[in-house]
Amino acid sequence: SRRRHTRLQGDWSSDVCSSDLDVRGDETGDNSHLIGPLLDDRGELLRRLAGGLEAVRRQPGVPQAGLGAMGFCFGGLSVLDMARADLPGLRAVICIHGILAAPGTPGRPVSASVLALHGWEDPFADPDAVKAFAEEMTAAGADWQLHAYGHARHAFSFPRANKPDRKSTRLNSSHLVISYAVF
């Protein structure tokens, strides 16, 4: 859940801000009807993301540069789009079992470091999507890494998404531990 991840991040001795972009749904259900409009209008998504980052930057004591962002699933796509847009102050992003697809706008240089933690059997980012992502990040001159976890599906780090009857999502506790240890 967002609360659990925020609490865990907070244990890392850093300031943490959590945002859901007004996309509130069932965190273990099909929320395509909620995120679909933002996937279809990546400009609107980026407008919301930029506004959120700017609101964080305006808080007292928050550095104007050196900020990081991390996201899971749709949030992973969101932080990648923040890096792709080279938003001011953004230094690094972590995408965890995220959607890797680029927005379809012309590529630009990516100055933020990018870490993508990916389940190799994730149907939302198949090997062709992974290859396209790697090519995109390389062409953008990004400092990027992708860690792919074998036999891991989408949502491998989310305990309540453990739905063995679904082919798309399944918790893999060893990958959860490894992915958190990476950062």
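Refer to the structure presented above.
Quick caveat: nothing in here was measured; it's all calculated off a predicted structure. (Residues numbered from 1 in each chain as written. Predicted model: local features only at pLDDT ≥ 70, side-chain atom pairs only at ≥ 80, totals over all residues. Heavy atoms only, no water.)

## Re the packing of aromatic side chains
Right, so step 1: Following the criterion strictly, the structure yields 1 aromatic pair and no others.
Right, so step 2: Geometrically, the ring pair formed by Phe133 and Trp144 is edge-to-face, given 6.1 Å between the ring centres and 80 degrees between the ring planes. With Phe133 in helix H5 (residues 127-139) and Trp144 in strand S4 (residues 144-149), this residue pair connects regions lying 11 residues apart in the sequence.
Right, so step 3: Residue Phe133 is classed as buried on the basis of its relative accessible area of 1%.
Right, so step 4: Residue class for Trp144 comes out partly exposed when judged on its relative accessible area of 26%. (Phe/Tyr/Trp six-rings, centres within 6.5 Å; stacked < 30°, edge-to-face > 60°. Helix = DSSP H or I, 4+ residues; strand = E, 2+ residues; numbered from the N terminus. Buried < 20%, exposed > 50% of the residue type's maximum accessible area, 1.4 Å probe, protein only.)

## Side note on the pattern of salt bridges
Right, so step 1: Counted under the stated rule, the structure contains 7 salt bridges.
Right, so step 2: In this structure, Arg47 engages Glu44 in a salt bridge whose closest nitrogen and oxygen atoms are separated by 2.6 Å. Note that Arg47 and Glu44 are positioned in helix H3 (residues 42-57) at a spacing of 3 residues, about one turn of the helix.
Right, so step 3: As a salt-bridge pair, Glu54 and Arg57 come within 3.3 Å of each other at their nearest N and O atoms. (Salt bridge = Lys/Arg side-chain N within 4 Å of Asp/Glu carboxyl O.)

## Focus on the state of the cysteines
Right, so step 1: What the rule picks out here adds up to 0 disulfides.
Right, so step 2: Looking at the unpaired Cys73, the closest cysteine sulfur is the one in Cys95, lying at 9.1 Å.
Right, so step 3: Given the relative accessible area of 25%, Cys73 is considered partly exposed.
Right, so step 4: On the basis of relative accessibility, which here comes to 0%, the residue Cys95 falls in the buried class. (Disulfide = S-S within 2.5 Å.)

## Comments concerning the pairing of strand S1 (residues 67-72)
Right, so step 1: Note: S1 against strand S2 (residues 90-96), 6 bridges, orientation parallel. Bridge assignment links Gly71 to a residue of S2, and that residue is Cys95. (Pairing = 2+ DSSP bridges.)

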